[in-house]
Amino acid sequence: MDKREALGSWISGPRAAAEQMGADFGYRGKRLGLPQEGPGSIAPVGRRIAALCVDWALCLLIAYGLLAHGSTQAASNWTFALFGVLSLLTLATVGCTPGKRLLGLRVVREDGGRLGVGAVVLRTVLLLLVVPAAIWDRDSRGLHDKAARAVQVRI
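Keep in mind that what you see is a predicted model, and the values were worked out from it rather than measured.

Caption draft 1: Region of the structure containing the pairing of strand β2 (residues 150-154). Counting buried residues in β2 gives 5 out of 5 residues, a clear majority hidden from the surface. Residue alternation in β2 divides its side chains into two sets, Ala 150, Gln 152 and Arg 154 and Val 151 and Val 153, and both sets are buried. Where strand β1 (residues 105-109) lies against β2, 5 bridges are found, and the strand directions are antiparallel. Among the inter-strand pairings, Arg 109 is bridged to a residue of β2, identified as Ala 150.

Caption draft 2: A nonpolar patch on the surface, seen in detail. Taken together, Val 85, Leu 88, Leu 89, Val 117, Val 121, Val 125 and Leu 129 make up a surface patch of nonpolar side chains, about 600 Å² in accessible area. Structurally, Leu 89 can be placed in helix α4 (residues 72-93).

Caption draft 3: Focus on the layout of surface pockets. Volume-wise, the largest pocket comes out at about 410 Å³. Surrounding the largest pocket, 21 residues form its lining, Arg 48, Leu 52, Leu 127, Ala 133 and His 144 being those nearest its centre. Of all the elements in the fold, those that place two or more residues in the lining of the largest pocket are α3 (45-67), α4, α6 (117-128) and α7 (131-134). Broken down by element, the lining of the largest pocket gets its largest block of residues, 6 residues, from α3. Of the residues in the lining of the largest pocket, the class split is 13 nonpolar, 4 polar and 4 charged.

Caption draft 4: Quick look at α6. Compared with the 16 Å implied by 1.5 Å per residue over 12 residues, the 16 Å span of α6 between its first and last C-alpha is a close match. Three or more residues of α6 are buried, namely Ala 119, Val 120, Arg 123, Thr 124, Leu 126 and Leu 127. An end-on view of α6 places all buried positions within 165° of arc, on one side of the element. For α6, the exposed residues lying more than 90 degrees away from the buried face are Val 117 and Gly 118.

Caption draft 5: Examining the pattern of salt bridges more closely. Per the counting criterion, the structure on display carries 8 salt bridges. Note that Asp 139 is salt-bridged to Arg 31, the shortest N-O span being 2.8 Å. Here Asp 139, found in the loop between α7 and α8 (143-147), pairs with Arg 31, found in the loop between α2 (13-20) and α3; they are 108 residues apart in sequence, far enough to count as distant. The closest approach of N and O atoms between Arg 154 and Glu 37, which form a salt bridge, is 3.4 Å. Taken together, the positions of Arg 154 in strand β2 and Glu 37 in the loop between α2 and α3 put the pair 117 residues apart, joining distant regions of the chain. Under the relative-accessibility criterion, Glu 37 is labelled exposed at 57%. By sharing partners, the salt bridges in this structure join Arg 31, Asp 137, Asp 139 and Lys 146 into a single network.

Caption draft 6: Geometry of the packing of aromatic side chains. Evaluated as defined, the whole model comprises 1 aromatic pair. Ring centres of Trp 56 and Phe 83 lie 5.4 Å apart, and the angle between their planes is 55°; this geometry places the pair in the tilted category. Of the two residues, Trp 56 is situated in helix α3 and Phe 83 in helix α4; the sequence distance between them amounts to 27 residues. The exposure class of Trp 56 is partly exposed, given its relative accessible area of 36%. With relative accessibility at 5%, the residue Phe 83 sits in the buried group.

Caption draft 7: Inspection of the packing of α4 against α6 at higher detail. For the pair α4 and α6, interaxial distance at closest approach is 9 Å and the crossing angle is 150°. With respect to each other, α4 and α6 are oriented roughly antiparallel. The two elements α4 and α6 meet at a crossing, and its hand is right-handed. Contact residues: α4 offers Phe 80, Phe 83, Gly 84, Ser 87, Leu 88, Leu 91 and Ala 92, while α6 offers Val 120, Val 121, Arg 123, Thr 124, Leu 127 and Leu 128. Of the residues that constitute the contact of α4 with α6, the class distribution is 9 nonpolar, 3 polar and 1 charged.

Conventions we followed
Residue numbers run consecutively from 1 along every chain, following the written order of its sequence. pLDDT decides what is reported in this predicted model: residues at 70 or higher carry local features, side-chain atom pairs at 80 or more are listed and counted, and totals for whole chains, interfaces and linings draw on all residues regardless. Just so you know, side-chain values use all the structure's heavy atoms and leave hydrogens and water out. Each residue is assigned to one of three classes by its accessible area relative to the maximum for its type, calculated with a 1.4 Å probe on protein chains only: buried under 20%, partly exposed between the two thresholds, exposed over 50%. In DSSP terms, a helix is any run of H or I states spanning at least four residues, a strand is any run of E spanning at least two, and both are numbered starting from the N terminus. At least two DSSP bridges between two strands are needed for those strands to be called paired. Without a salt bridge and with relative accessible area above 30%, a residue can belong to a patch; like charges are then joined within 9 Å and nonpolar side chains (Val, Leu, Ile, Met, Phe, Trp, Tyr) within 5 Å. Accessible surface area values rest on a Shrake-Rupley calculation with a 1.4 Å probe, where residue burial reflects the displayed protein chains alone. Salt bridge criterion: a side-chain nitrogen from Lys or Arg within 4 Å of a carboxyl oxygen from Asp or Glu. We place a 1 Å grid over just the protein atoms. Points where a 1.4 Å probe fits but has no way out form a cavity, open points with protein on both sides within 12 Å along at least 5 of 7 lines form a pocket, and any residue with an atom within 4 Å of a point lines it. Grid points are joined across faces, edges and corners, and a volume is the space filled by probe spheres set on the points. Residues were grouped as follows: Ala, Val, Leu, Ile, Met, Phe, Trp, Tyr, Cys and Pro as nonpolar; Asp, Glu, Lys and Arg as charged; and all remaining residues, including Gly, as polar. Take the number of residues in a helix, subtract one, and multiply by 1.5 Å to get its expected span. As used here, the arc belongs to the directions running from the helix axis to the C-beta atoms. Planes of paired rings set the category: under 30 degrees apart is stacked, over 60 is edge-to-face and the rest tilted, where pairs are Phe, Tyr or Trp rings (Trp by its six-membered ring) whose centres lie within 6.5 Å. Structural elements are reduced to axes, namely lines fitted to C-alpha atoms, with helices fitted over the stretch in contact, and the angle between N-to-C directions of any two is expressed from 0 to 180 degrees. An angle counts as roughly parallel when it lies under 35 degrees, as roughly antiparallel when it exceeds 145, as roughly perpendicular when it falls between 65 and 115, and as oblique in every other case. In a left-handed crossing the near helix is turned counterclockwise from the far helix by less than a right angle, and in a right-handed crossing that turn is clockwise. Whether two residues are in contact is decided by their heavy atoms: any pair within 4.5 Å suffices.

Here you go:
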């Protein structure tokens, strides 16, 4: 076997090379016992990013219109703070932010239950740090979700 075959090409990546050699990774969420499709399955990455953008835009609109008095720098700072508060309050009470609800997503514990307040705080702090949310595992869960033992699923 050629070294390139074992490592995979730069286009296909190491996962494709491992699958060619017979490794079975299954679908996203299989390790967590979630269904492959439909309600309760892992939320697609595109929807999760779109929900984040909706929530950020909502916070930006509130910050600029009500708190910043026309200052774009103040609006940016207020947006960051409002986003944190929005995430904390809505995830702890209803399990989804307005953007997640609009796009049919919910954040739950790995076993399907509701997240506790401590897990919501940990998840939100790590989300605000950005880097943990940008590093994913093979189930497309960010480190902020793994640390809080949470998973984003379709409703």
